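Geometric and topological summary
As a plain string of letters, each chain reads:
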Amino acid sequence: MLSWGGLRHRYAGGAEIEYRDFALPAGRHLLLRGASGSGKSTLLALLSGLLRVQRGELNVAGTDLAALSPRALDAWRGANLGVVPQRLHLSEALTVAENLALPALAAGQGADPARAAELMAALDIVELAHRRPHQLSVGQAQRVALARALMRRPRLLLADEPSASLDDEHTLHMLALLLDAAEREGCTLVIASHDGRVIEALGAREDVAEVVLRGESPAGRSAMPTGSRTTYWSDEGTT
Ligand SMILES: Nc1ncnc2c1ncn2[C@@H]1O[C@H](COP(=O)(O)OP(=O)(O)OP(=O)(O)O)[C@@H](O)[C@H]1O
């Protein structure tokens, strides 16, 4: 479902990030963890097609993203990927129902009210359909953001630091929502996090594999001159 090999990314004028080869075992979800600056967001951006693959392969459900043209990558992203961003990014000008229509509209397709109704029922937000984001609780906004990410039946569901600025109760709630939704929808979940609460909760699950990203820099990364080579590496966790 998800694998990479020889994968590297170099930011202009910055360090090169190198990811150790990895293949996600079938039926597993993925926790991507590592300290700040270890390359989690970069890998998510590569996975979501926001950054082009410069070196190596990145395979999702049999498609090597490195081989796609920019236009094909756009289409692939719309059809296969759901993203729950760190700050949710619900559109304040729109109601919940209108927010759920956005993914289809962005892809040049008509809204899918039947799918929206199905997801609102599954996530228990039917009664919120006509509210705007500022009228939602934190937990409700999470469920709306998750529903929006699932609207187009993604094969891959990405969540970037889903617990950022959440208390313990909301953190566990969000993890349960993500895992339940991924099971129900039959998609693979990738969570990037360096939150100990998330790592502990997911570490206890048989169905979650883990990749640990580590920065390697003898002099300390902050002391590295701009443009120098920094190698990062990952380990497949055992579950
Ligand atoms: N646009 C950029 N230009 C140059 N270097 C960048 C850029 N974005 C990230 N980097 C560098 O790439 C490395 C990996 O960054 P990345 O954001 O992927 O890490 P992260 O693990 O997601 O960190 P955090 O947990 O703090 O979000 C860091 O050394 C960072 O400074």
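Thresholds, definitions, all that
- Residues numbered from 1 in each chain as written.
- Predicted model: local features only at pLDDT ≥ 70, side-chain atom pairs only at ≥ 80, totals over all residues.
- Helix = DSSP H or I, 4+ residues; strand = E, 2+ residues; numbered from the N terminus.
- Buried ≥ 20, exposed ≤ 12 C-beta atoms within 10 Å, placed from the backbone.
- Contact = placed C-beta atoms within 7 Å.
- Near = placed C-beta within 6 Å.
- Nonpolar A, V, L, I, M, F, W, Y, C, P; charged D, E, K, R; others polar.
- Pairing = 2+ DSSP bridges.
- Axes fitted to C-alpha atoms, helices over the stretch in contact; angles between N-to-C directions.
- Parallel < 35°, antiparallel > 145°, perpendicular 65-115°, else oblique.
- Left-handed = near helix turned anticlockwise from the far one by under 90°.
- Core = buried A, V, L, I, M, F, W, Y, C linked by C-beta atoms within 7 Å.
- pLDDT = per-residue confidence, 0-100.

Attention now goes to the overall build of the chain. Regarding its fold elements, the chain presents seven helices and 11 strands. Taking all 239 residues of the chain together, the buried fraction comes to 36%. Partitioning the contacts of the chain with sequence separation of at least 6, the portion at a separation of at least 24 is 69%.

The immediate surroundings of the ligand are formed by 13 residues, with Tyr 11, Gly 14, Ser 36, Ser 41 and Thr 42 found nearest. Looking at the shell around the ligand element by element, the count peaks at three residues for helix α1 (residues 40–47). In the shell around the ligand, the residues fall into three nonpolar, nine polar and one charged.

In this section: the pairing of strand β9 (residues 188–193). Among the six residues of β9, six are classified as buried, and the element is accordingly described as predominantly covered. Of the two faces of β9, the one holding Thr 188, Val 190 and Ala 192 and the one holding Leu 189, Ile 191 and Ser 193 are both buried throughout. In terms of strand pairing, strand β8 (residues 156–160) meets β9 through five bridges, oriented parallel. Looking at the pairing, Leu 158 lines up with Val 190 of β9.

Below, the discussion takes up the packing of helix α5 (residues 138–150) against helix α6 (residues 168–185). As a packed pair, α5 and α6 sit with axes 11 Å apart at the nearest point and diverge in direction by 25°. Considering their axes alone, α5 and α6 lie roughly parallel with respect to each other. Considering only the axes of α5 and α6, their crossing is right-handed. Across from Val 138, Gly 139, Gln 142, Arg 143, Leu 146 and Leu 150 in α5, the residues of α6 making contact are His 170, His 173, Met 174, Leu 177, Leu 178, Ala 181 and Glu 185. Split by residue class, the contact of α5 with α6 holds seven nonpolar, four polar and two charged.

Residues Leu 32, Leu 146, Ala 147, Leu 158, Leu 178, Val 190 and Ile 191 are the most contacted members of the largest nonpolar core, which totals 58 residues. Apart from residues lying up to four places away in sequence, Leu 158 is in contact with Leu 44, Leu 47, Ser 48, Leu 81, Val 83 and Val 190.

It is worth spelling out the packing of helix α3 (residues 96–106) against α5 at this point. Between α3 and α5, whose axes approach to 8 Å, the crossing angle comes to 30°. Here α5 runs roughly parallel to α3, going by the angle between their axes. Seen from above, α3 lies across α5 with right-handed handedness. Residues Val 96, Asn 99, Leu 100, Leu 102 and Pro 103 of α3 form the contact with α5, whose own contacting residues are Val 144, Ala 147 and Arg 148.

On to the environment of Leu 150. Topologically, Leu 150 is positioned in helix α5. Taking the C-alpha atoms as reference points, Leu 150 and Leu 119, separated by 31 residues in sequence, lie 7.9 Å from one another. Other than its neighbours up to four places away in sequence, Leu 150 contacts Gly 82, Leu 119, Ala 181 and Glu 185.

On to the pairing of strand β2 (residues 16–19), then. Note that strand β1 (residues 2–10) and β2 share four bridges and pair antiparallel. Paired with His 9 across the bridge in β2 is Ile 17. Between β1 and β2, which pair antiparallel and follow one another directly, the connecting turn spans five residues, one of which, Gly 13, has a positive phi of 70°.

Bringing unusual backbone geometry into the picture now. Unusually for a residue other than glycine, Leu 88 sits at a positive phi of about 65°. Mapped onto the fold, Leu 88 is located in the loop between β7 (81–84) and α3. Given 18 C-beta atoms within a 10 Å radius, Leu 88 is considered partly exposed. Its identity as a non-glycine residue notwithstanding, His 89 has a phi of 55°, on the positive side.

Taken together, the buried positions of α3 are Val 96, Asn 99, Leu 100, Ala 101 and Pro 103. Where α3 is buried, its residues touch α4 (113–122) and α5.

Quick look at the confidence of the model for the chain now. The predicted coordinates ought not to be read in detail in places where the model reports low pLDDT. Model confidence for the chain is summarised by a mean pLDDT of 87, while 90% of its residues fall at 70 or above. For the chain, the element scoring lowest by mean pLDDT is strand β11 (residues 231–236), at 46; β9 scores highest, at 96. This model gives residues 216–233 a pLDDT under 50, and the stretch forms 33 contacts once residues within four places in sequence are excluded. Taken as a whole, residues 235–239 scores under 50 in pLDDT and shows 13 contacts with residues more than four places along the chain or in a different chain. If you check the scores for this complex, the pTM reads 0.87 and the ipTM reads 0.97.

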